[in-house]
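# Close look at the chain arrangement
Listed here are the chains, written in short residue letters.
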2 protein chains.
Amino acid sequence: MPKMAYVCMRLIAYKDKIKMNNKTEIFKALADETRLRILNLFIKFGESLCVCELTDALKLPQYHISKHLNVIRNSGILKPEREGTWVYYKLDNSNSDIKDLVKFLKNFLTEQQLEADYNSLKQRLLLREEGKCVIGFVSEVDLIKKIKIKTKE
Amino acid sequence: MPKMAYVCMRLIAYKDKIKMNNKTEIFKALADETRLRILNLFIKFGESLCVCELTDALKLPQYHISKHLNVIRNSGILKPEREGTWVYYKLDNSNSDIKDLVKFLKNFLTEQQLEADYNSLKQRLLLREEGKCVIGFVSEVDLIKKIKIKTKE
DNA sequence: TGACAATATGCCCAAAATGGCATATGTTTG
DNA sequence: CAAACATATGCCATTTTGGGCATATTGTCA
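Residues numbered from 1 in each chain as written. Chains lettered and ligands numbered in written order. Predicted model: local features only at pLDDT ≥ 70, side-chain atom pairs only at ≥ 80, totals over all residues. Heavy atoms only, no water.

### Let's talk about the relation of the copies chain A and chain B
Taken as rigid bodies, chain A and chain B are interconverted by a rotation of 180 degrees and an axial shift of 0.0 Å, the fit giving an RMSD of 0.0 Å. On this basis, the relationship between the two copies can be described by a two-fold rotation axis. (Least-squares fit on C-alpha atoms with pLDDT ≥ 70 in both.)

Right, here's the structure in full:
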């Protein structure tokens, strides 16, 4: 049976494969619509974002965002930083692969949904004080109210 | 036919998603080690490759390659062309997104395994005649024999 | 037409990913 | 310390994915 012999070869070939998990993991991190939307915000904004800001911008459950952030983080694209109760994530620019990837994605991600997400984020960022997030989850309605109050000050 | 129903559902489901699908599907196509290895061969070689050449280069079962090719094809990265019994796939350079992606990947995919795969492919390509594949699956041993015969000619 | 070759696909199973919910963890503040 | 808040995670059910195998499909040629 030539076919059996063939399969045997396969198994051997598999064993000594040289890990290329890194790159595969990176693409797995990109292979989900929500995660692409999350990354899009980091790429467009370019700086740290905290979990509640992402949650509000994308209007998804907090645990949902948190889990996806974990996947992206494990791929090496994002790294977290705690500041008190808040956790900020940011692109890991110390990794040249990630830098190249981000540069590429900046031009590659052009969907309208992603623009809309970024606009949503920009609204939410109006509530920052001295460049930092100072409030947790805000409903869409409350956000508008709070922004009005803030701009009157 | 259940198949028709399935296809219908797909089309509907696709419809009410906000575009994005393209990009997510593209990254899903990249999110698997075997598929990255397949794409690597197209990127490095730059021209059409037939299924049996890929199969021999990567030393994986034919159905395995065939299934992965189907995923990559559905993402729009590769397109097939039949030539008699052989089916050649090639990068879809008519799509500018794909062109950009390929350009990026050319620098991004640097793993040793991928170099080894390409070397394996180059060996296999020695059996081509007038730039075309003229033989099906060849075991590693047979490949070496055939190359010897060929170079003596 | 029949045999054969190259490729694709249907079915099954196991593993992994995903979403939803509840709750745990870690931090600040009173 | 307790309470409140931001974030993370464990568990469950469901879906998706990938590998393996057999076989179907498509095309060639005698």
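### What to know about the pattern of salt bridges
Two side chains carrying opposite charge are able to pair once their charged atoms lie near each other. Residue and element names in this part refer to chain A. Within this structure, the stated rule accounts for 21 salt bridges over all chains. With a shortest N-O distance of 2.7 Å, R37 and D117 are connected by a salt bridge. In this pair, R37 is assigned in helix α3 (residues 33-45) and D117 in helix α7 (residues 112-125), connecting sequence segments 80 residues apart. Assigned by exposure class, R37 and D117 land together as buried. (Salt bridge = Lys/Arg side-chain N within 4 Å of Asp/Glu carboxyl O. Helix = DSSP H or I, 4+ residues; strand = E, 2+ residues; numbered from the N terminus. Buried < 20%, exposed > 50% of the residue type's maximum accessible area, 1.4 Å probe, protein only.)

### Looking at the packing of aromatic side chains
Counting across every chain of the model gives five aromatic pairs over all chains. Aromatic side chains A:F27 and B:F108 sit 5.8 Å apart centroid to centroid with 70 degrees between the ring planes, which places their arrangement in the edge-to-face category. With one member in each of two chains, A:F27 in helix α2 (residues 21-30) and B:F108 in helix α6 (residues 96-108) form a pair that bridges those chains. The exposure class assigned to B:F108 is buried, which follows from its relative accessible area of 2%. (Phe/Tyr/Trp six-rings, centres within 6.5 Å; stacked < 30°, edge-to-face > 60°.)

### Notes on the protein's contact with DNA strand D
Around DNA strand D there are 27 residues in total, and A:S66, A:Y89, A:G136, B:H64 and B:K67 lie nearest to it. Per the 4 Å cut-off to the protein, sugar and phosphate atoms form 64% of the nearby atoms of DNA strand D. Residue A:C52 places a main-chain N or O atom 2.9 Å away from a phosphate oxygen belonging to DNA strand D. For DNA strand D, a phosphate oxygen lies 3.3 Å from a polar atom in the backbone of A:V87. Here the surface near DNA strand D is built from residues that sort into twelve nonpolar, nine polar and six charged. (Near = heavy atom within 4 Å. Polar contact = N/O pair within 3.5 Å; in protein donor to acceptor, adjacent residues only side chain to side chain. Nonpolar A, V, L, I, M, F, W, Y, C, P; charged D, E, K, R; others polar.)

### So, the packing of α3(A) against helix α5 (residues 62-74) of chain A
All names here are of chain A. Contact geometry of α3 with α5 gives a least axis separation of 10 Å together with a crossing angle of 75 degrees. Taken together, α3 and α5 sit at an angle that is classed as roughly perpendicular. The segment α3 lies against α5, with T34, R35, I38, L39 and F42 engaging H64, I65, H68, L69, V71 and I72. Each residue belonging to the contact of α3 with α5 can be placed in one class, and the counts come to seven nonpolar, three polar and one charged. (Axes fitted to C-alpha atoms, helices over the stretch in contact; angles between N-to-C directions. Parallel < 35°, antiparallel > 145°, perpendicular 65-115°, else oblique. Contact = heavy atoms within 4.5 Å.)

### Some details on the confidence of the model for chain A
For chain A, per-residue confidence averages 86 on the pLDDT scale, and 86% of positions sit at 70 or higher. The low-confidence segment residues 1-19 of chain A, where pLDDT is below 50, has 17 contacts with residues more than four positions distant or belonging to other chains. (pLDDT = per-residue confidence, 0-100.)

### Describing the packing of helix α3 (residues 33-45) of chain B against helix α4 (residues 51-58) of chain B
All names here are of chain B. One way to put it is that α3 packs onto α4 with a least axis distance of 11 Å and a crossing angle of 115 degrees. Once α3 is placed against α4, the crossing between them reads as right-handed. Together, R37, I38, L41 and F42 of α3 and L54, A57 and L58 of α4 make up the contact between the two elements. Tallied by class, the residues present in the contact of α3 with α4 amount to six nonpolar, no polar and one charged. (Left-handed = near helix turned anticlockwise from the far one by under 90°.)

### Here's the deal with the side chain of A:R124
Residue and element names in this part refer to chain A. Here R124 shows up in helix α7. Using a relative accessible area of 1% as the deciding quantity, one classes R124 as buried. Engagement of the side chain of R124 in a polar contact is seen with the side chain of D56, the distance being 2.8 Å.

### So, the interface of chain A and chain B
In this complex, chain A contributes 31 residues to the contact, which on the side of chain B involves 36 residues. Taking both partners together, chain A and chain B bury about 3,100 Å²; carbon and sulfur atoms supply 72% of that area. The tally of links between chain A and chain B comes to two salt bridges. Here A:E111 makes a salt bridge to B:K23, at a shortest N to O gap of 3.1 Å. Taken together, chain A and chain B are joined by four residue pairs in polar contact (both at pLDDT 80 or more). Put simply, the parts of the chain that give the side of chain A that touches chain B at least two residues each are α1 (2-15), α2, α3, α6 (96-108) and α7 of chain A. With seven residues, the single largest contributor to the side of chain A that touches chain B is α2(A). A breakdown of the residues in the side of chain A that touches chain B according to their chemical character gives 16 nonpolar, five polar and ten charged. (Buried area = accessible area lost by both parts, 1.4 Å probe.)

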